[in-house]
Structure formats: structure tokens, C-alpha cells
Amino acid sequence: MVSEEVSKLLERHEGKQGALISILEEIQARYSYLPQELLREVAVQSGRSLTDVYGVATFYKAFSLQPRGKHLISVCLGTACHVRGGPAIADELEKQLGIKAGQTTPDREFTLESVNCLGACALGPVVVVDGHYFSNVKSSQVKEILEKSKKGLDIVEIDTDERIFPIEVSCARCNHSLMDSEHQIDGHPSIRVTVSFGQRHGWMCISSLWGSYNVTSKHEIPYETIVNFFCPHCHAELIGGASCSECNAPMVPMVIRGGGVVQLCSRRGCKNHILDLGGTVFE
Amino acid sequence: MVTLTINGLQVSVEEGTTLLEAAKFLNFPIPTLCHMEGLSPYGACRLCVVEIGEGPRSRLVTSCTYPAEEGLVVRTTSKRVDRARRMVIELLLGTCPQSKIIQDIASKYNVRQQRFRQEYDDCILCGLCVRMCAEQMMAKAIGFRGRGETRSIGTPFDVKSDVCRLCGGCIYVCPACQLRCTYNQPEKAVCGGCANIAAPCLKKPEFEDMMCYMDPCVACEIKKD
Ligand code: FES
Ligand code: FES
């Protein structure tokens, strides 16, 4: 299992410059840390010595050899944030989480790390949780930040972020609505289609929120596979002839209620989608 | 062939020769620590500094890594070199005051005081052992890990390496000498090379399983609380 995974990774990256770093980055993205087993496997399969692989893995701060928590909290201790009170925030975070910077809480919820300047000095002191920036943080806000992160910052954002709005779509051929109010994603009815890839066939629900990439499906769809989309009502394939500008996979068109067409890239993991509301094009 | 001047003497050397080798050819002594014949030059200890160029454009370089250039003017013992070298020695002494090799160099260059806090570290990160392991023993069992303050040398994951053949080469070349010595924790040992020498730690019961190359090392005496 592990060896297969690694050999696939190697196939993709080997021969390129800096391949090792890309490989480690992918492993890190997948497991949120670098498991010992995988590092050993990378060394064996790529013909590098384990010492070299380990050296690279420990050199870069972006890599972690310990499992990380669900949420990553980075508190900035760069010069600007330092004079604006960063250390007090770090202390408060350490106190409330009961861990030191660089550690993970025993329940694997939070990992705390300190960083040296995030390039947002004017906003200091800066705390970043799972990619969400908190600026001008005061120690009294720490508790709130932690609670918010526990609930999940993405949900909070979907409610308040104006760039995200729900759309309603139907099949281009039979005009039957594709919305499924029984199966909600991100708190809104999802778009239900039938998909097939390889030998597999089944339903998939896509978030109807423009800007959200959440999907659920009957079968786990591996990244990078191109899937065929079908209307669950008339069983026609949803295909338009356009192909993705980023990865060249066919685009999947759906008609938007109220006029317009939305096109999604049919490659899993490719985030390209186009909204055409008759004239104005969002990408 | 390139011709250069070292301390006023002209010398022609083959292209690719380092300043250190050229100076040695002329018998000008340059102290070295991280340099060893048979291992690739690394330039870690900075002990071998020399001054090149003239006037305000002169600068200090490490002679063990700097290749000879046509017309280069080199001084191996200028005032500036001397000052820099003594500072390097002082710093090395601060890191590893217990190392006999460093002490010897200090006494040779008449460094009698040492203004930095003594760390009693067991490694100066000169990389000799790493290169020995990779280039002469073809094992690559040990390497550098981490960076900055937390940079260290050791095996991956701090467990005994599968590719280590216990040759002891790393301990043999170590100028801090007790680098690989794990005192009374034989399970962590990288080396197990020889038990033939009467190192002081070997005579104590708690070090019974240990082996040590470094006869006059005495590091274990200092380190062990
Ligand atoms: S110092 Fe914190 S963002 Fe620059
Ligand atoms: S001998 Fe040249 S830097 Fe160490």
C-alpha cells in the first residue's frame, strides 16, 4: 500500500529538479506530517540515502515529522509583531492550549507554531489559523479565536463571505432540476449528478455554493481522475465540448435557473469552473 | 597551469588546486580542522582563512575551498588573517573546550584566553564524520539534520542505521572526539569499532559495553554527571 503510493509519487516527480521536496510536500499535504515509514520508502524507491531524505525533511520548517493537530495555529513573532505584543499572544495561546510552540495538543486538535514574519506586519500582531488571518490580536481575543477554530473557520466564512453564493442548476437536456434538498452541503441543497469513472458508477453531490469545492460521492474519487457526469433523470451525459483551460479535461455544463450556464472541470481536484450569466463571465 | 603569489613567492600549480594545497607545496603552514585528504573540502571550520587580493579590495577566504587563480596574491599570515584565525579558535574553544585537538591548535596559536561561555558541546559541525561515512565508507549512515541552532549530526530518526557497518570511521576523524561516544547507552551507539584501547571510560563498570577509539578523549569524564 505504502510502496504503491510512493511509487506513484515518484513517477510523477522523478527526474525533475527538486523532486524530493515536491514529493515530501505531497506526502505532507496528504498526512499533514511525514510518517517515518513513507520517508524510508521514498529513500528505498528513489535510490537516495535515508540520511539525505531525512536531512531535507528536517531542514525545512514546512515539514513536520510529528503528526499535527487538526488545526494549525501560527503566531507571528517577527520584528513588527514582536514590538506590537506578539509574545504576549503566544504566551496566552500556550497557556490556553497547555502546550508550547511547536507542539500538538494531546487531543490532536491544535498544533501551535511560532513563525518569523508572515509579511503582514501592518496587521500585527498576527495569528493565522488554518489559513485564516486574525489581525491586531489582543490576548483577550485568544479564547474566541480558539473557539471559532474548533467550530471550523470555513463554515463561519460561508455565512459571511460575499464572494460565496448559492446557485441552482438544471440539466441542459431535460431541464429537470439537479438540486437535492435532502442532501445538504455547506448548509444548502446540493447538486446531485451521476458520475462514472473507470468501472465505477454512482451518485455525487456537489456544493451549490459558488466558490466552495466540497463534494461527497458514493465512491471515493481519486485525485486527477477525469469523471463523466450524467443527469440522474434523463441519463444523458452532461458534456458541452469545451475543455478546461487549465488541465484540458472536458468541461461539464449545467444550466442555471434564471439564465446562464455554469461549467465545471471534470477532473477531480481541478478547481477551474466558469460561470457565464449571459455576457458577464466569472472565473 | 596557473601562477599565483603566496606570501611574495611565485608558484605555478595545476588548475583546480586549492590555495591550501598550493601553500602546502611551498611549505607555508595553514591550520585546518575540517579538512582531510581524501575527503571533499567543506569549508566549515574557517580555521584555514587566508587573505587574497590587495589594498582595500582584499578579503578573507577559506583556503581549503578556494581554487587557485591566475595572478592571485595570497597572504597566509597577515595581521588580519591572524586576528580572524584567533577569533575562530576562541569560538571553537568556547564550543568544545574539552577537545584535545582544538586545545592543541589554541596553544600553537597562543590563544590563552577565551571570552565566550563554554558550552561543552560534543560537536562543532565540521562534517568530517559525515563525509567520511559517505565518501570513504560509502555508507551514508549519518548526516546533517535540522538547521540553524538545532542543526546536528546523527542517524535518521536517531536509531541505529541499517547501513552503518560499525566501522568507527566517524569517531576516528572527529576532532571534538567524543561526538559519537554515547557513553553508557550502547543501544544508541553508532560505532562499536574497537575495544582494544584503554580509554578511561571503558574501565568503569557502567561503561562496560562501550567501545571507544579516542584514547585520550576523557570526554565521558566531563560529560557524565
Ligand atoms: S512581523 Fe508579523 S507579519 Fe511581519
Ligand atoms: S579547513 Fe578550511 S574551513 Fe575548515
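No experiment lies behind these values; they were computed from the predicted model shown.

1. Comments concerning the overall build of chain A
Right, so step 1: A tally of helices and strands in chain A yields 8 helices and 16 strands.
Right, so step 2: When burial is assessed residue by residue, chain A has 42% of its 283 residues classed as buried.
Right, so step 3: Contacts in chain A between residues far apart in sequence, at least 24 positions, make up 49% of those at least 6 positions apart.

2. A look at the sheet that holds strand S1 (residues 71-76) of chain A
Residue and element names in this part refer to chain A.
Right, so step 1: Here 4 strands make up an open sheet; going across it, the order is S2-S1-S3-S4 and the pairing mixed. Each edge of the open sheet is held by one strand with a lone partner, namely strand S2 (110-115) and strand S4 (132-134). Between one strand axis and the next, the sheet turns by 20° as a mean value, whatever way the strands run.
Right, so step 2: One ladder, built from 3 bridges, connects S1 with strand S3 (residues 127-129); its direction is antiparallel. Bridge pairing in S3 places Val75 opposite Val127.
Right, so step 3: This element, helix H6 (residues 86-97), spans S1, S2 and S3 of the sheet and lies at about 150° to S1.

3. Here we look at the packing of helix H1 (residues 2-13) of chain A against helix H2 (residues 19-31) of chain A
Residues and elements named next belong to chain A.
Right, so step 1: Relative to each other, H1 and H2 sit at 135°, their axes nearing to 9 Å. On the basis of their axis angle, the class for H1 and H2 is oblique. At the point where H1 passes H2, the crossing takes the right-handed sense. Along the contact surface, H1 presents Glu5, Leu9, Leu10, Arg12 and His13, while H2 presents Ala19, Ser22, Ile23, Glu26, Ile27, Arg30 and Tyr31.
Right, so step 2: For the contact of H1 with H2, the residue count by class is 6 nonpolar, 2 polar and 4 charged.

4. Points about the sheet that holds strand S1 (residues 2-6) of chain B
All names here are of chain B.
Right, so step 1: Spatially, 5 strands are ordered S2-S1-S5-S3-S4 in an open sheet, and the strand pairing comes out mixed. Of all strands in the sheet, those bounded by a partner on one side alone are strand S2 (9-13) and strand S4 (59-62). For this sheet, the mean angle separating the axes of adjacent strands, direction not counted, is 35°.
Right, so step 2: Looking at chain direction, strand S3 (residues 49-52) and S4 are connected through 4 bridges and run antiparallel. Pairing of Glu51 across the sheet is with Leu60, part of S4.
Right, so step 3: Its contacts with the sheet put helix H2 (residues 79-95) on S3, S4 and strand S5 (73-75), and the angle it makes with S3 is roughly 155°.

5. A few points about the interface of chain A and chain B
Right, so step 1: With 12 residues of chain A in contact, the opposing surface of chain B contributes 13 residues.
Right, so step 2: For the pair chain A and chain B, the summed buried surface comes to about 1100 Å²; carbon and sulfur atoms form 62% of the total.
Right, so step 3: Looking only at chain A, the three residues that lose the most surface to chain B are Thr51, Tyr54 and Phe59 of chain A, adding up to 50% of its buried area.
Right, so step 4: At the boundary of chain A and chain B, one finds 1 salt bridge.
Right, so step 5: Measuring nitrogen to oxygen at the nearest pair gives 2.7 Å for the salt bridge that ties Lys140 of chain B to Asp52 of chain A.
Right, so step 6: Here chain A is connected to chain B by 4 residue pairs in polar contact (both at pLDDT 80 or more).
Right, so step 7: For the side of chain A that touches chain B, the secondary-structure elements that each account for two or more residues are helix H3 (36-46) and helix H4 (50-59) of chain A.

6. Digging into the packing of aromatic side chains
Right, so step 1: With the rule as written, the count across this model stands at 4 aromatic pairs over all chains.
Right, so step 2: Taking 4.7 Å as the distance between ring centres and 65° as the angle between the ring planes, the aromatic pair formed by Tyr54 of chain A and Phe157 of chain B counts as edge-to-face. With Tyr54 of chain A in helix H4 and Phe157 of chain B in the loop between strand S7 (152-154) and helix H5 (169-173), the pair connects residues from two separate chains.
Right, so step 3: Taking the centre distance of 5.0 Å and the plane angle of 75° together, the rings of Phe59 of chain A and Tyr60 of chain A count as edge-to-face.
Right, so step 4: What links up through ring pairs into an aromatic cluster is the set Phe59, Tyr60 and Phe63 of chain A.
Right, so step 5: Sitting above the plane of the Phe59 of chain A ring, Arg147 of chain B keeps its charged end 5.2 Å from the centroid.

7. Brief notes about the environment of Leu77 of chain A
Residues and elements named next belong to chain A.
Right, so step 1: Residue position: Leu77 is located in the loop between S1 and helix H5 (79-83).
Right, so step 2: Classification of Leu77 as partly exposed rests on a relative accessible area of 25%.
Right, so step 3: The sequence separation of Leu77 and Pro87 amounts to 10 residues, and the corresponding C-alpha distance is 6.5 Å.
Right, so step 4: If near-sequence neighbours (up to four positions away) are discounted, Leu77 is found in contact with His82, Gly86, Pro87, Ala90, Ser114, Val115 and Asn116.

8. A look at the side chain of Ser74 of chain A
Residue and element names in this part refer to chain A.
Right, so step 1: Its location among the elements puts Ser74 in strand S1.
Right, so step 2: Residue classification places Ser74 among the buried residues on the basis of a relative accessible area of 8%.
Right, so step 3: Within polar-contact distance, the side chain of Ser74 engages the side chain of Glu113 at 3.4 Å.
Right, so step 4: Not counting the four nearest positions on each side in its chain, Ser74 is found in contact with Glu113, Val115, Val126, Val127 and Val128.

9. Thoughts on the packing of H2 of chain B against helix H3 (residues 100-108) of chain B
Residue and element names in this part refer to chain B.
Right, so step 1: It is the contact of H2 with H3, at a shortest axis distance of 10 Å, that shows an interaxial angle of 150°. Considering the angle they form, H2 stands roughly antiparallel to H3. When the axes of H2 and H3 are compared, the crossing they make is left-handed. For the pair H2 and H3, the contacting residues are Ile89, Leu92 and Leu93 in the first and Ile102, Gln103, Ile105 and Ala106 in the second.
Right, so step 2: Split into classes, the residues belonging to the contact of H2 with H3 amount to 6 nonpolar, 1 polar and no charged.

10. Quick look at the pattern of salt bridges
Residues and elements named next belong to chain A.
Right, so step 1: Evaluated as defined, the whole model comprises 13 salt bridges over all chains.
Right, so step 2: Between Arg68 and Glu113 there is a salt bridge, with the nearest N and O atoms lying 3.7 Å from each other. On the criterion of sequence distance, the pair formed by Arg68 in the loop between H4 and S1 and Glu113 in strand S2 is long-range, its members being 45 residues apart.
Right, so step 3: Residue classification places Arg68 among the buried positions, given a relative accessible area of 16%.

11. With respect to the nonpolar core
Right, so step 1: Ranked by internal contacts, the top residues of the largest apolar core, which has 34 residues, are Leu33 and Leu47 of chain B.
Right, so step 2: Contributions of two or more residues to this core are made by H2, H3, helix H4 (128-136) and H5 of chain B.
Right, so step 3: At 5 residues, the largest contribution of residues to this core is made by H4 of chain B.
Right, so step 4: Here this core gathers at least three residues from each of two domains, domain 1 (2-117 + 184-203) and domain 2 (128-173) of chain B.
Right, so step 5: Every residue in contact with Leu33 of chain B, bar those within four places of it in the chain, is listed here: Cys45, Leu47, Leu92, Ile101, Ile102, Ile105, Ile124, Leu128 and Pro175 of chain B.
Right, so step 6: One finds Cys171, Ile191, Val227 and Leu238 of chain A within the second-largest nonpolar core, a separate group that totals 21 residues.

Thresholds, definitions, all that
- Residues numbered from 1 in each chain as written.
- Chains lettered and ligands numbered in written order.
- Predicted model: local features only at pLDDT ≥ 70, side-chain atom pairs only at ≥ 80, totals over all residues.
- Heavy atoms only, no water.
- Helix = DSSP H or I, 4+ residues; strand = E, 2+ residues; numbered from the N terminus.
- Buried < 20%, exposed > 50% of the residue type's maximum accessible area, 1.4 Å probe, protein only.
- Contact = heavy atoms within 4.5 Å.
- Pairing = 2+ DSSP bridges.
- Axes fitted to C-alpha atoms, helices over the stretch in contact; angles between N-to-C directions.
- Parallel < 35°, antiparallel > 145°, perpendicular 65-115°, else oblique.
- Left-handed = near helix turned anticlockwise from the far one by under 90°.
- Nonpolar A, V, L, I, M, F, W, Y, C, P; charged D, E, K, R; others polar.
- Buried area = accessible area lost by both parts, 1.4 Å probe.
- Salt bridge = Lys/Arg side-chain N within 4 Å of Asp/Glu carboxyl O.
- Polar contact = N/O pair within 3.5 Å; in protein donor to acceptor, adjacent residues only side chain to side chain.
- Phe/Tyr/Trp six-rings, centres within 6.5 Å; stacked < 30°, edge-to-face > 60°.
- Lys NZ or Arg CZ within 6 Å of the ring centre and 35° of its normal.
- Core = buried A, V, L, I, M, F, W, Y, C linked by side-chain atoms within 4.5 Å.
- Domains from an automatic or database assignment.

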